[in-house]
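Understanding the architecture of this molecule
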Amino acid sequence: MDTIASLFAFITTPVSWVIVQFHKLYGAIFGPDTGWAWGLSIVSLVVLIRICLIPLFVKQIKATRNMQALQPKMKAIQERYKSDKQRQSEEMMKLYKETGTNPLSSCLPILAQSPFFFALYHVLSKIAEGERIGALNQQLVDSAREAHIFGAPIAAKFMDSPDKVEALNASLTDVRIVTAVMIILMSASQFFTQRQLMMKNVDLTVKTPYMQQQKMLMYIFPVIFAVMGINFPVGVLVYWLTTNVWTMGQQMYVINQNPTPGSKAQDAYLQRLLKSVTHHGEVRGRGRKRVVKAIVAKGSDRNENERRFFAGLAKAGFAAQADGTVVKSDTVSVEAEGGAGTRRQQPKRQTKAQRQAAAAQQAAQAKEAEDSASSAEDRTEDKAAAPSLEKEPKPPAKGSTKASAQEAADKPARPSRANSGGGRQGKTGQRKGQQRPKHPSSKK
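All of these numbers come straight from a predicted model, not from anything done at the bench. (Residues numbered from 1 in each chain as written. Predicted model: local features only at pLDDT ≥ 70, side-chain atom pairs only at ≥ 80, totals over all residues. Heavy atoms only, no water.)

1. Let's talk about the packing of aromatic side chains
- Within the structure shown, the criterion is met by eight aromatic pairs.
- Their ring planes at 65 degrees and their centres at 6.4 Å tell us that Phe 221 and Phe 225 sit as a pair that is edge-to-face. Of the two residues, Phe 221 and Phe 225 both sit in helix α10 (residues 209-229), four residues apart, roughly one turn of that helix.
- Among the residues examined, Phe 221 registers a relative accessible area of 29% and is labelled partly exposed.
- Overall, Phe 225 belongs to the buried group, its relative accessible area being 14%.
- Here a set of aromatic residues connected by ring pairs shows up, and it is made of Phe 221, Phe 225, Tyr 239 and Trp 240.
- For the cation-ring pair, Arg 302 lies above Phe 310, with the distance from its terminal atom to the ring centre recorded as 4.2 Å.
- The ring centre of Phe 318 lies 4.6 Å from the NZ or CZ of Lys 328, which sits over that ring. (Phe/Tyr/Trp six-rings, centres within 6.5 Å; stacked < 30°, edge-to-face > 60°. Helix = DSSP H or I, 4+ residues; strand = E, 2+ residues; numbered from the N terminus. Buried < 20%, exposed > 50% of the residue type's maximum accessible area, 1.4 Å probe, protein only. Lys NZ or Arg CZ within 6 Å of the ring centre and 35° of its normal.)

See the structure below:
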């Protein structure tokens, strides 16, 4: 660690000079040799650095969201060029260039803080050794060596020997307790910050390897900082704990005011915005108007949270405009009420007795229908078996027998059914149709 810190020795003078200026301010309030004066000087150094890094933090947020949005396309490229790693890298770089995304942008705040972190570590190490460094003269070095935070010198470490701790006018027990508590707080704040990002500000509808990596880092980073923390001086632990708390608060603000589309944080934000619009009858604030304007511009590409927000506006009788404002619209309200009225209602759960009664009623209805069908069938059969109403031919009278015979002889003979053209072939094997007359020379 000392070797790494020495690489950033060029920045120790600016860092030590900033600490000295803050020490003059707090020393006039709490006393120049107190732990409050030196501890608050380190905290103020962190705040100053993080304020200067806000533009990089904004770039980090944009880069992180762009990376999340590109994960499906990146996965498709990996699957397509699975056997060609070079082509895969070329397509990845092409995708980054087309979308204007820099994968390293998400690490910019940490990378930018690293020189200040190691420079502060180098300064505190020299203070523990009693040597002058940067803008700290010997008097200020001696004053810093005497400064204690909750009984632990700012230059002491968890792994320091009893003799070294005694040389700093402190107790080894006090140093171990204070450093252990600060290491736990530092790791816990790191874990909570990462967990807050993963659970609230990530689009859960997109499952990608990037999300799995972030989830693993959520558990790995706190362990790494806990292991490294035992070699950090108390002043460095103050620095790192302060920067973690700052990051956590900054991230909470971003999640509440500018959440990732499709995340739980966006749903909560849009619900708060809906309540505000319903209460005031307008969209208040330029930031909120920009959000509504962006959602309107999406059109059919809106996610579930945004569609729910627009449905809530319509139900309240408002219509969002392209400029991010809302107007009162009775038509939208009526349509929303009509759509709500036609929504399918879930059936209520019935008791066991109700279910049995319904089953018995259905069985009775089925039996009644079956009886009706059978009675109708019986009536049809009876009707078919009833005697014909046509009159039967009466037998001819006795006196008219001869007249009828004479009339029958005078009438031409009708062809028999077997010899008719349209008849069927009978049992005697006669051919269909009319028979041809026999030749006069043929035998009868």
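2. Regarding helix α13 (residues 286-298)
- Counted at 1.5 Å a residue, the expected span for α13 with its 13 residues is 18 Å, and the 19 Å between its end C-alpha atoms agrees.
- For α13, every residue scored as buried is listed here: Val 292, Ile 295 and Val 296. Looking straight down α13, one finds that the buried residues subtend no more than 100 degrees of arc, so they occupy a single side. Residues Arg 286, Arg 290 and Ala 297 are exposed on α13 and point more than 90 degrees away from its buried face.
- Positioned one or two residues after α13, Gly 299 has a phi angle of 65 degrees, which is positive. (Expected span 1.5 Å × (residues − 1). Arc of directions from axis to C-beta.)

3. As for the pattern of salt bridges
- With the rule as written, the count across this model stands at seven salt bridges.
- Measuring nitrogen to oxygen at the nearest pair gives 3.3 Å for the salt bridge that ties Glu 131 to Lys 126.
- Relative accessible area serves as the criterion here: at 36%, Glu 131 is assigned to the partly exposed category.
- Measuring nitrogen to oxygen at the nearest pair gives 3.2 Å for the salt bridge that ties Glu 304 to Arg 307. (Salt bridge = Lys/Arg side-chain N within 4 Å of Asp/Glu carboxyl O.)

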